[in-house]
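The primary structure of each chain is shown beneath.
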Amino acid sequence: MLLNVDDYRRAARRRLPRGLFDLIDGGAGDEVTLRRNRTAFERIALRPRLLADASSRDLRTTVLGQPVSMPVLLDPTAHAHLIHSDGELGVARAAAGAGIVYALSTLSDVSLERLAAETTGPKWFQLYAPPDRAGVIAVLDRAQAAGYEALCVTVDVPVGGLRERARRSHMPLPPQLTPRLVAQAAMRPRWTIDFLAAKKRPGGVAVRSAPTRPAPSGSRFITEDDLALIRHRWPRPLLIKGVQRGDEVQRLIELGVDGLVVSNHGGRQLDGVAASIEILPEVVAAAAGRVEVFLDSGIRRGTDVVKALALGARAVLIGRPYLYGLAVGGEAGVVDVIETLRAELDNAMALLGLTAISELGLAAIQIPSGFGSRSDAGERLLT
Ligand SMILES: Cc1cc2nc3c(=O)[nH]c(=O)nc-3n(C[C@H](O)[C@H](O)[C@H](O)COP(=O)(O)O)c2cc1C
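None of the values given here were measured: they were computed from a predicted structure. Chains are numbered independently. Their residues run from 1 in the order of the written sequence. Predicted model: local features are reported for residues with pLDDT of at least 70 only, side-chain atom pairs are reported and counted for 80 or more only, and whole-chain, interface and lining totals are derived from all residues. Values reported for side chains reflect all heavy atoms of the structure, with hydrogen atoms and water molecules removed beforehand.

## A look at the overall build of the protein chain
Thinking step 1. Secondary structure assignment for the protein chain yields 16 helices and 12 strands.
Thinking step 2. C-alpha atoms define the radius of gyration, and 2.2 Å times the number of residues to the power 0.38 defines the globule rule. Computed over the C-alpha atoms, the radius of gyration of the protein chain is 20 Å, within 12% of the 21 Å expected from 2.2 N^0.38 for a compact globule of 383 residues.
Thinking step 3. Once the C-alpha set of the protein chain is aligned to its principal axes, its extents read approximately 55 × 50 × 40 Å.
Thinking step 4. Among the 383 residues that make up the protein chain, the fraction classed as buried is 55%.
Thinking step 5. Should any heavy atoms of two residues lie within 4.5 Å, those residues are counted as being in contact. Put simply, 75% of the contacts in the protein chain that link residues at least 6 apart link residues at least 24 apart.
Thinking step 6. As displayed, the protein chain offers around 16500 Å² of accessible surface, 54% of which is attributable to carbon and sulfur atoms.
Thinking step 7. When charges are tallied, Lys and Arg are placed among the positive residues and Asp and Glu among the negative ones, while His and the ends of the chain are skipped. The atom standing in for a charge is NZ when the residue is Lys, CZ when it is Arg, CG when it is Asp and CD when it is Glu. Taking the average place of the 48 positive charges on the side chains of the protein chain and the average place of its 42 negative ones, the gap between the two points comes to 5 Å. Each helix is a run of H or I in the DSSP string that is no shorter than four residues. Each strand is a run of E no shorter than two, and both are numbered from the N terminus. Accessibility here uses a 1.4 Å probe with only protein chains present; expressed as a share of the type maximum, an area under 20% marks a residue as buried, one over 50% as exposed, and anything in between as partly exposed. All accessible areas in this document rest on Shrake-Rupley with a 1.4 Å probe, and a residue is counted as covered only by the protein chains that are shown.

## As for the site of the ligand
Thinking step 1. Among the 24 residues in the neighbourhood of the ligand, the closest are listed as Pro76, Ser105, Thr154, Asp296 and Arg300.
Thinking step 2. The term polar contact refers here to a pair of N or O atoms within 3.5 Å; inside protein, the definition further demands a hydrogen-donor-capable atom paired with an acceptor-capable atom, and it admits residues adjacent in sequence only when both atoms are side-chain atoms. Within the contact set of the ligand, an oxygen atom lies 2.7 Å away from a backbone nitrogen or oxygen of Pro76.
Thinking step 3. With three residues, helix 15 (residues 320–352) is the single largest residue contributor to the shell around the ligand.
Thinking step 4. Looking at side-chain class alone, the shell around the ligand contains seven nonpolar, 11 polar and six charged residues. By convention in these notes, a residue is near a molecule or strand provided one of its non-hydrogen atoms lies within 4 Å of it. Under this grouping Gly is polar, as are all residues other than the nonpolar Ala, Val, Leu, Ile, Met, Phe, Trp, Tyr, Cys and Pro and the charged Asp, Glu, Lys and Arg.

## Overview of the confidence of the model for the protein chain
Thinking step 1. Looking at the protein chain, the pLDDT average stands at 92 and 92% of residues meet or exceed 70.
Thinking step 2. Residue-level confidence of the predictor, termed pLDDT, takes values from 0 up to 100. pLDDT under 50 marks residues 204–212. Its contacts with residues more than four places away, or in other chains, come to 20 contacts.
Thinking step 3. In this model residues 375–383 is a low-confidence stretch, pLDDT under 50, and it forms one contact with partners more than four residues away in sequence or in other chains.

## What to know about the pairing of strand 7 (residues 150–154)
On a regular strand, each side chain points to the face opposite its neighbour's, so the side chains alternate between the two faces of the sheet.
Thinking step 1. Summarising burial for strand 7: five of the five residues are buried, a large majority.
Thinking step 2. On strand 7, burial covers both faces: Ala150, Cys152 and Thr154 on one face and Leu151 and Val153 on the other are all buried.
Thinking step 3. For two strands to be treated as a pair, DSSP must find no fewer than two bridges joining them. As defined by bridge partners, strand 6 (residues 123–127) adjoins strand 7 across four bridges and the pair is classed as parallel. Directly across from Trp124, in strand 7, lies its bridge partner Ala150.
Thinking step 4. Where the polypeptide runs from strand 6 across helix 7 (residues 133–145) and back to strand 7, its parallel neighbour, the crossover connection is right-handed. By definition, the crossover connecting two strands over a helix is right-handed if that path, from the first strand to the second, turns clockwise as seen with the strands pointing away from the viewer.

This is how it looks when you write it as structure tokens:
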């Protein structure tokens, strides 16, 4: 029975070749941060309100001025087209149907124009900086012309993390028919049939995907100059994804960003960093209401959404959870995961005695020691 995100994870493990599952599911190094993203949420306790009539609940909110049906958005992720032939288009359709934002990754297999033309619903475009200035300008102009509502610049992948679990089970990218992959695929016939059928379809999965990618994919360090150029060229809301310190927020705001995504890339980059949810309070404090703060990394339950919003996030994003859904049931699987989280969030609101997202605040939780204390201590030391 698929009752929650963890059930979808186990089902995805049974559906995907081992190397592909590990590529999605794994983190960097010893996976300390990957685990910490979960344990940190578990340390926060909820505090229900008594004698409140929460018989009807409204989960709607806005993100950067855009109405959404609930404060859960879909993170940008590479590899969707390898997981299921519905790929990024299926994910975007699921998000549109659910009334939430989908952020298309630079490393997608479908062109940003095709995705915008074939799917409705609010969309952000995620940027990994192309190697040169002309490339940055070209991709920004394409995303603007295609109607993407916001640009999300991911700054935490100047180089790839050391993803040892993925390396050990060795998924060649782009997939090549190595003996190991053939052996793994033979044990996963449903995935293999879907993958091979999609490969044959015109316009289906492009295994050698570089020419159709929304942007060149070279990772590099993003500098203040890059950000200034991006801000100059991109007239709509601009987000920075990968914020992990409150003391950098002021500079980001000065550079003109509109939103911050507190993220450690789901524990896939620098192993040993704190959980996003531990960092959130110091980022929210530094932002002081001037920009919207979002959070990802480790959201698996509706109660996690409640905890992040109580600590000041405008909304959360999910990565792996919807990829597990995609693996299990394509677009319909993504819909199921989104609706599971919506039902959990709604249930948590009812049991907390809350009727609207705007009512979520610090009163709803008990903050464990160590959360968000860093920047306060740092500021005291400096002054
Ligand atoms: C398979 C996979 C691919 C990803 N690809 C990208 C990407 O292309 N761009 C990006 O900004 N983040 C990427 N991420 C990071 C996610 O956007 C997000 O930060 C992370 O998955 C959140 O943690 P969660 O998986 O615990 O929800 C990827 C994550 C996964 C699991």
